[in-house]
Amino acid sequence: MTQETLSAFFGWLTLLHIGLFTLSAVLLMLMRDWVAGLHARMFGLAPADVSLTVYRWLGTYKIVIFATALGPWLALQLI
């Protein structure tokens, strides 16, 4: 596999992840009450706990994007 192929792969992977992250964040901001109510009923949590859990999930997902997609792409661009 060539460096150009790997660079293209990680570039598209980064765009896909950032798009999914952005879509999730926007939908969660726009439909916060509905999402919190739905997940509170599904998992037996308080709506405030659901909001905190979703916030932590978004933060963790952002770190995963940087570590597994954006980081390798940047490293390949520097080579």
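These notes cover the structure that comes with them. As the structure is a computational prediction, the values presented were derived from the model and not from experiment.

**Looking at the side chain of Ser24**
Relative to the assigned elements, Ser24 resides in helix H1 (residues 3-30). Those residues in contact with Ser24 that sit more than four places away from it in its chain are Trp57 and Leu58.

**Quick word on helix H3 (residues 47-78)**
The first and last C-alpha atoms of H3 sit 45 Å apart over 32 residues, in line with the 46 Å expected at 1.5 Å per residue. Of all the bends found along H3, the most pronounced is centred on Leu70 and spans about 40°, while Pro72, a proline, follows it within four residues. The inward-facing, buried residues of H3 abut H1 and helix H2 (32-43).

**Thoughts on the packing of H1 against H3**
Where H1 contacts H3, the axes come no closer than 8 Å and their chain directions differ by 160°. By the angle class used here, H1 and H3 are roughly antiparallel. The two elements H1 and H3 cross, and the hand of that crossing is left-handed. Taken together, the residues that form the contact of H1 with H3 break down as 18 nonpolar, eight polar and one charged.

About the cut-offs
- Residues numbered from 1 in each chain as written.
- Predicted model: local features only at pLDDT ≥ 70, side-chain atom pairs only at ≥ 80, totals over all residues.
- Heavy atoms only, no water.
- Helix = DSSP H or I, 4+ residues; strand = E, 2+ residues; numbered from the N terminus.
- Contact = heavy atoms within 4.5 Å.
- Expected span 1.5 Å × (residues − 1).
- Bend = angle between axes of the 7 residues up to and from the residue.
- Axes fitted to C-alpha atoms, helices over the stretch in contact; angles between N-to-C directions.
- Parallel < 35°, antiparallel > 145°, perpendicular 65-115°, else oblique.
- Left-handed = near helix turned anticlockwise from the far one by under 90°.
- Nonpolar A, V, L, I, M, F, W, Y, C, P; charged D, E, K, R; others polar.

Limitation: the analysis is restricted to geometry and does not speak to function.
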